[in-house]
Amino acid sequence: MDEQNLVNPDVVKAVGDWGGYVEAKMGFRNHWYPVRFSKEIDEGQIEIVKVLGEQLLLKRIDGKVYAIRDRCLHRGVPLSRKPDCYTKDTITCWYHGYTYRFQTGELVNILAVPDSRLIGRRKIVSYPVEEAKGLVFVFVGDTDEDNPPPPLAQDVPPGFLDEDVMVLGKHRVVNSNWRLGAENGFDSLHIFIHKDTTLRHYRHFNFPIGHTPLPGAVELVQDADGPKGVIDDFAQHHPVWEGVIDGRVVVRGPRTPNVSGTSASVGTSIWLPGVLKVAEFPGPGLTQFEWYVPMDDKTHLYVQTIGCPVASEEDRNTFAGEFESVWKPHGLDGFNGDDIWAREVTEPFYADDFGWVDEMLCEPDVTILEWRRLASRHGRAIQTPAHLR
Amino acid sequence: MDEQNLVNPDVVKAVGDWGGYVEAKMGFRNHWYPVRFSKEIDEGQIEIVKVLGEQLLLKRIDGKVYAIRDRCLHRGVPLSRKPDCYTKDTITCWYHGYTYRFQTGELVNILAVPDSRLIGRRKIVSYPVEEAKGLVFVFVGDTDEDNPPPPLAQDVPPGFLDEDVMVLGKHRVVNSNWRLGAENGFDSLHIFIHKDTTLRHYRHFNFPIGHTPLPGAVELVQDADGPKGVIDDFAQHHPVWEGVIDGRVVVRGPRTPNVSGTSASVGTSIWLPGVLKVAEFPGPGLTQFEWYVPMDDKTHLYVQTIGCPVASEEDRNTFAGEFESVWKPHGLDGFNGDDIWAREVTEPFYADDFGWVDEMLCEPDVTILEWRRLASRHGRAIQTPAHLR
Amino acid sequence: MDEQNLVNPDVVKAVGDWGGYVEAKMGFRNHWYPVRFSKEIDEGQIEIVKVLGEQLLLKRIDGKVYAIRDRCLHRGVPLSRKPDCYTKDTITCWYHGYTYRFQTGELVNILAVPDSRLIGRRKIVSYPVEEAKGLVFVFVGDTDEDNPPPPLAQDVPPGFLDEDVMVLGKHRVVNSNWRLGAENGFDSLHIFIHKDTTLRHYRHFNFPIGHTPLPGAVELVQDADGPKGVIDDFAQHHPVWEGVIDGRVVVRGPRTPNVSGTSASVGTSIWLPGVLKVAEFPGPGLTQFEWYVPMDDKTHLYVQTIGCPVASEEDRNTFAGEFESVWKPHGLDGFNGDDIWAREVTEPFYADDFGWVDEMLCEPDVTILEWRRLASRHGRAIQTPAHLR
């Protein structure tokens, strides 16, 4: 990786007020990112994850998950290659015995050099971890005792942390830059690729071939101490029901009797550091929250979740059943499966950054431009190759 | 790909009067190239080809083949990933409904944004297409209504378009730069690698271990309105029948009683933009025409054809039978199979361009130098990474 | 490969007095390297090897091994692709008949151009070859009649050439830079990764979890006309028998009753151009000599040998039997197998050179720093991409 030029500087300049977004090819630093579901990390278990190009080692100790960099200070080897955990709280490098405490990152011993002056004076990078709604979030950034991370609530969409909401989901690796994931999700026109979705058999909805925002559809949310995002209200969209070529109708978006609405959802919103909220989707009363977590500049972890309001154990069981039988196979796998290949075939055009200037956006893409500008303004910092050293 | 330096500029300078040839690593632009045989593209069928680094989408409509760039203007995705052809004349991008007319490249609609100002005002790149002698040629270059492409006849060897000639052939992808293909073919010394050809069992010919041009053998053809090429007349070559090491004959080129001639062919010629003509080869009365079509800087499409004069349907059937039973298996596959691996193992030496200055040519290679100079003078333009944006 | 910047120049500057070692990413030039065992090259047989990025062709002729560059002067193709040896002493390029003498590299003929002015006036690179102790050594560097290579004895550890020593071994390709091999071997702390070695069942030895040099342990050998190396005497090391974390003993190195010594060996030494000597190892009375021969900047040939003093044919047979049944499977394969994966997982941290400044060495690593400095002072020359042209 080119230390100096991860991103073509001419392209950054050319795009003007969203240059920061172009620079954030490996993601925005100093934000919270979900990396696993809580149930995937049992007590005492070690898990390896990659976020913003950094490889992390997670371990659950006495119920709480801790995260440190998976790279020994001494010779840079991954501790995970052969994890030597002689005590519950520590991991010892298999190569020369450098031993780190999970909770603090502190170098607590070098087994073969017990009197080294390094002991107690050096730390491996450790990452703040929080668990919420069944997800494990890590904060990738620069923190210390004087600079704690901002609250998780500032980095998730409104409503995600609501007490009465039950969240279920899955995750998978997608071979595209994270921004192509975010833009694919927020893009109101891309409904065109979903026209054959099997989801149609499991719920009633209108499904235009496209819909475009009318004035007033888009709202920016930029309160100083809250999450930053762009809201697109589909109720203020103009739906298109028929596709016409050379005067002939060639494709029709089906309308369902007695169902109102201009789309499969009532609206979407996109939030820093790259998470989408889709209201009333994939089913009535549900909300889809999905993250595009940068793993490196070419890959993202697609963390897909569905939130459902629940008031009782029976509600929880009902939702869990429907999730497994309908929403996961026909929504997260089927419907979103089309999104995944769309992102992956878009990747080559943007891989050398020129796509950001060579693309030819059309009018409804103004919502995407708002997102690029907002992200450039409010992304807390940009991850660079120097952070990986 | 490095936008600025596809080719090492020091090397371009060092080679002097054939610098243009070194620069043309991805081929010469503004020329006609064969990409498929006509019979490979049926009515209504779509075909994807790569030429000079550009990916094209071909479709035959009402008998005529049209070609457009296989990359949507909007987000740069390949239209071919999921071709949506709602009408005979158009293709609609599967992602957001941008719809293009094959005949003109015009953006005729955006299905979900029927009132977009882009419609009717933007074009995808379209390529002139001609069919001749059973081959589909595309013109990769810069044309418009005021600047039509030059006639195809300027980009094929003399005789190829003759009315009484029937042409059959095949094509395959070779993992070397196109120039190593052209030089392998035109190189009179490389007969050395063919000394064990099975073609020998199917025709009588003399087969020296090498032959080198005498003064007068080489002729340049540079008429303003005709094809540009270098002709090498083997009748004016000095054949070598015995290879000698340390005074001992170690290898002999067989001579056939009652057969005159210094080689398996009576002469070759090489023409812009990279096509070889081999006279009286692979059999008496036949002519081999073969193209080295740059697919990118590392790969070429080897389009191999044999032309045979025919006067009747019976002649056609006879040639078609011999082509399948002899000339294809023992010529295009067997004999030229050796050429293919020769090019592929030569590739690494030239891949970083230094091969052009580090090679150590010998006297007969003067014919190759003439070709490099002619190509540098008459190649209409050089394909660069900027053309791929 | 970047002609100008194989190694990051900022890193070379930053490391100070061992910059030459950092620059020697492809190895030190003008040194002797073992590439095969003598028994692997029979009379008349051709063998291809890669050293310092150069591909060589070896052939044994009348008992003696000769080496030339495996790349034809004419068009840069590997002669080995289809070796045409018409006479015992020569090889003829399969492509155009350029013919070279193995003993001198001289271009003795071009079969098809017997009167070329190049004949007798050009040479392919040839390499001095010596055989010793069953190994074939080549000298990769700049020699001619006036500048013969230095004696082999200057490039092997003391004792290796001793007359009464019998040497057996094996070699394999390791996917790491050669320096990570050298440092892994010389590193006295890395005994930690061998704590479960099966070698323990075949000999009695003490096995601390680590041991660190006391003042006086390290000796530099830099005589003008002898091998240059660093000796580390384990008798002057402080062994650590117990690993402690948070006041608790978590791992113990076993001590064997009636066996003295602080390690499995009594000491190691590392010599230019990258060869380790391990005394009294893998068994009592034995010496392990192992080379880390740079194949290119990412790969080395790990040449593992064991020397045993022998006084009779019976001694030779005994050692040969023990080598096959114990030392090869449990030492070279088992014990050193752990070293190999350790080097390979260390490679990514150093691949972009930043590892040399980002590593965090501890006190005992001073021995490794001595080696880096000595290599920078006495390495005869640095192999660069320009040498590969």
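Residues numbered from 1 in each chain as written. Chains lettered and ligands numbered in written order. Predicted model: local features only at pLDDT ≥ 70, side-chain atom pairs only at ≥ 80, totals over all residues. Heavy atoms only, no water.

Bringing the pattern of salt bridges into the picture now. Evaluated as defined, the whole model comprises 69 salt bridges over all chains. A salt bridge links Glu54(A) to Arg29(A); its shortest N-O distance comes to 3.0 Å. Of this pair, Glu54(A) sits in strand β4 (residues 54–61) while Arg29(A) sits in strand β1 (residues 28–29), placing them 25 residues apart in sequence. The exposure classification of Glu54(A) matches that of Arg29(A), with both residues buried. The salt bridge partner of Glu359(B) is Arg372(B), with a shortest N-O separation of 2.6 Å. Here Arg372(B) lies in helix α6 (residues 366–378) and Glu359(B) lies in the loop between α5 (355–358) and α6, a separation of 13 residues in the sequence. For Glu359(B), a relative accessible area of 11% puts it in the buried group. Residue classification places Arg372(B) among the buried positions, given a relative accessible area of 0%. (Salt bridge = Lys/Arg side-chain N within 4 Å of Asp/Glu carboxyl O. Helix = DSSP H or I, 4+ residues; strand = E, 2+ residues; numbered from the N terminus. Buried < 20%, exposed > 50% of the residue type's maximum accessible area, 1.4 Å probe, protein only.)

Facing 38 residues of chain C, the contacting portion of chain A comprises 35 residues. When chain C packs against chain A, the two sides together hide about 3,000 Å² of surface, and 59% of this comes from carbon and sulfur. For the chain C face of the interface with chain A, the top three residues by lost area are Phe192(C), Ile245(C) and Met360(C), together amounting to 22%. The tally of links between chain C and chain A comes to 6 salt bridges. Of the charged contacts in the structure, one is a salt bridge between Glu363(C) and Arg117(A), with a shortest N-O distance of 3.8 Å. Run the count over chain C and chain A and you get 14 residue pairs in polar contact (both at pLDDT 80 or more). Mapped by element, the contributors of at least two residues to the side of chain C that touches chain A are α3 (178–186), β13 (210–213), β17 (242–245), β18 (248–252), α4 (313–351), α5 (355–358) and α6 (366–378) of chain C. Here the element with the most residues in the side of chain C that touches chain A is α4(C); it accounts for 6 residues. Grouping the amino acids of the side of chain C that touches chain A by side-chain chemistry returns 21 nonpolar, 6 polar and 11 charged. (Contact = heavy atoms within 4.5 Å. Buried area = accessible area lost by both parts, 1.4 Å probe. Polar contact = N/O pair within 3.5 Å; in protein donor to acceptor, adjacent residues only side chain to side chain. Nonpolar A, V, L, I, M, F, W, Y, C, P; charged D, E, K, R; others polar.)

Residue-level contacts link 38 residues of chain A with 35 residues of chain B. Of the roughly 3,000 Å² buried at the junction of chain A and chain B (both faces included), carbon and sulfur atoms supply 59%. Linking chain A with chain B are 6 salt bridges, by the criterion used here. One salt bridge connects Asp358(A) with Arg389(B), and the closest N-O pair in it is separated by 2.8 Å. Seen at the junction of chain A and chain B, the total is 13 residue pairs in polar contact (both at pLDDT 80 or more). Here the side of chain A that touches chain B gets 6 residues from one element, more than from any other, and that element is helix α4 (residues 313–351) of chain A. Here the residues of the side of chain A that touches chain B sort into 21 nonpolar, 6 polar and 11 charged.

Rotating chain A by 120° and translating it 0.1 Å along the rotation axis places it on chain B, where the RMSD comes to 0.1 Å. Given the turn and translation reported, the copies of this chain are related as if by a three-fold rotation axis. (Least-squares fit on C-alpha atoms with pLDDT ≥ 70 in both.)

With that settled, the discussion passes to the packing of helix α3 (residues 178–186) of chain A against helix α6 (residues 366–378) of chain A. Residue and element names in this part refer to chain A. Viewed as axis vectors pointing N to C, α3 and α6 meet at an angle of 135°, and their least axial separation amounts to 10 Å. Here α3 lies oblique to α6, going by the angle between them. Handedness of the crossing formed by α3 with α6: right-handed. Residues Trp178, Ala182, Glu183 and Phe186 of α3 pack against Thr367, Ile368, Trp371 and Arg372 of α6. Residue composition of the contact of α3 with α6, by class: 5 nonpolar, 1 polar and 2 charged. (Axes fitted to C-alpha atoms, helices over the stretch in contact; angles between N-to-C directions. Parallel < 35°, antiparallel > 145°, perpendicular 65-115°, else oblique. Left-handed = near helix turned anticlockwise from the far one by under 90°.)

All names here are of chain A. You can read the domains of chain A as domain 1 (31–140) and domain 2 (152–388). Its C-alpha centre places domain 1 at a distance of 33 Å from the equivalent point of domain 2. Each partner contributes to the interface: domain 1 provides 21 residues, whereas domain 2 provides 29 residues. Both faces combined, the contact of domain 1 with domain 2 buries some 2,200 Å², and carbon together with sulfur accounts for 62% of it. Broken down residue by residue, the surface that domain 1 buries against domain 2 is led by His31, Phe37 and Lys133, which jointly contribute 33%. Scanning the region where domain 1 abuts domain 2 turns up 1 salt bridge. Salt-bridge contacts for aspartate 296 lead to lysine 50; the nearest nitrogen and oxygen are separated by 3.7 Å. Along the contact surface separating domain 1 from domain 2 lie 12 residue pairs in polar contact (both at pLDDT 80 or more). For the side of domain 1 that touches domain 2, the elements supplying multiple residues, two or more each, are β2 (31–37), β3 (46–51), β10 (129–132) and β11 (135–140). Top element by residues in the side of domain 1 that touches domain 2 is β2. It accounts for 7 residues. Within the side of domain 1 that touches domain 2, the residues separate by chemical class into 11 nonpolar, 2 polar and 8 charged. (Domains from an automatic or database assignment.)

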